[in-house]
Amino acid sequence: MEQYFSATQKMEQEVMFPSLLRGVFPQQEGAAPATGGRADLYERYQLLKAIKPVVEKGLASVTDQSPSGTNADTALDEGADSNLEERLSHHVNGLQQVLTDLTKNTNALTRRYSQILEQINLSEDQSSS
């Protein structure tokens, strides 16, 4: 989780002009640019920024919505906790995978933004020569 927070913090510090990401699509290493139904990097940036507070907030909002009183007692009485450890493990593994994917996406977006800035700087340097 720390890697995710570190990656999003770096993205927020480096991406000063998110509009530069409009119309830029993510690329796989060695692959042609993808178009079609996929979101551009600006949309991904907005999504990653929107997801961050949800991850930071964590389970607090989920806990607020949990059933109370008799519903919880009834579920326990019916033996619903028989596979809680297995279910928890499944969800923790899923969460870990999602955080890993979010971290990779955030790092890729930050790298691509840096490349765009380098191209702009090179263009300006050639224009002034």
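Placed above this text is the structure.
Structure report, in brief. Position numbers for residues start from 1 in each chain and track the written sequence from start to end. Residues qualify for local features only when their pLDDT is at least 70, as the model is predicted, and side-chain atom pairs are given and counted only at 80 or more; totals for whole chains, interfaces and linings, by contrast, use all residues. Hydrogens and water are ignored here; the side-chain numbers use all heavy atoms of the structure.

### Here we look at the pattern of salt bridges
Convention followed: For this analysis, a salt bridge means a side-chain nitrogen from Lys or Arg found within 4 Å of a carboxyl oxygen belonging to Asp or Glu. Helix and strand definitions here come from DSSP, where helices need a minimum of 4 consecutive H or I residues and strands a minimum of 2 consecutive E residues; each element is numbered from the N-terminal end. Relative accessibility thresholds used throughout: buried, under 20% of the residue-type maximum; exposed, over 50%; partly exposed, between the two (1.4 Å probe, protein chains only).
Inspection of every chain in the model, using the stated rule, returns 4 salt bridges. Ionic pairing is found between Glu 12 and Lys 52, a salt bridge with its closest N-O pair at 3.0 Å. In this pair, Glu 12 is assigned in helix α1 (residues 2–14) and Lys 52 in helix α2 (residues 41–57), connecting sequence segments 40 residues apart. With a relative accessible area of 27%, Glu 12 lands in the partly exposed category.

### Some points on α2
To keep it simple, the criterion reads: Take the number of residues in a helix, subtract one, and multiply by 1.5 Å to get its expected span. Two residues qualify as a contact provided that any one of their heavy atoms is within 4.5 Å of a heavy atom in the partner residue.
Helix length check: α2, at 17 residues, gives a terminal C-alpha distance of 25 Å against a target of 24 Å (1.5 Å per residue), a fit within 8%. Within the span of α2, buried status applies to Leu 41, Tyr 42, Tyr 45, Leu 48, Lys 52 and Val 55. The elements touched by buried residues of α2 are α1 and α5 (84–128).

### A closer look at the packing of α1 against α5
As a reminder, the rule being used: Each axis is a line fitted through C-alpha atoms, and for a helix only the stretch in contact is used; angles between axes span 0 to 180 degrees, taken between their N-to-C directions. Our angle categories are set so that under 35 degrees counts as roughly parallel, over 145 as roughly antiparallel, 65 to 115 as roughly perpendicular, and the remainder as oblique. The crossing is said to be left-handed when, going from far helix to near helix, the turn is anticlockwise and less than a right angle, and right-handed when the turn is clockwise. Basically, the charged four are Asp, Glu, Lys and Arg, the nonpolar ten are Ala, Val, Leu, Ile, Met, Phe, Trp, Tyr, Cys and Pro, and anything else, Gly included, counts as polar.
Contact geometry of α1 with α5 gives a least axis separation of 9 Å together with a crossing angle of 25°. Accordingly, the angle class assigned to the pair α1 and α5 is roughly parallel. Where α1 crosses over α5, the handedness of that crossing is left-handed. Only Leu 99, Leu 102, Thr 103, Thr 106, Asn 107, Leu 109, Thr 110, Tyr 113 and Ser 114 of α5 make contact with α1, whose side of the interface consists of Gln 3, Tyr 4, Ala 7, Thr 8, Lys 10, Met 11 and Glu 14. Here the contact of α1 with α5 is composed, by residue class, of 7 nonpolar, 7 polar and 2 charged.

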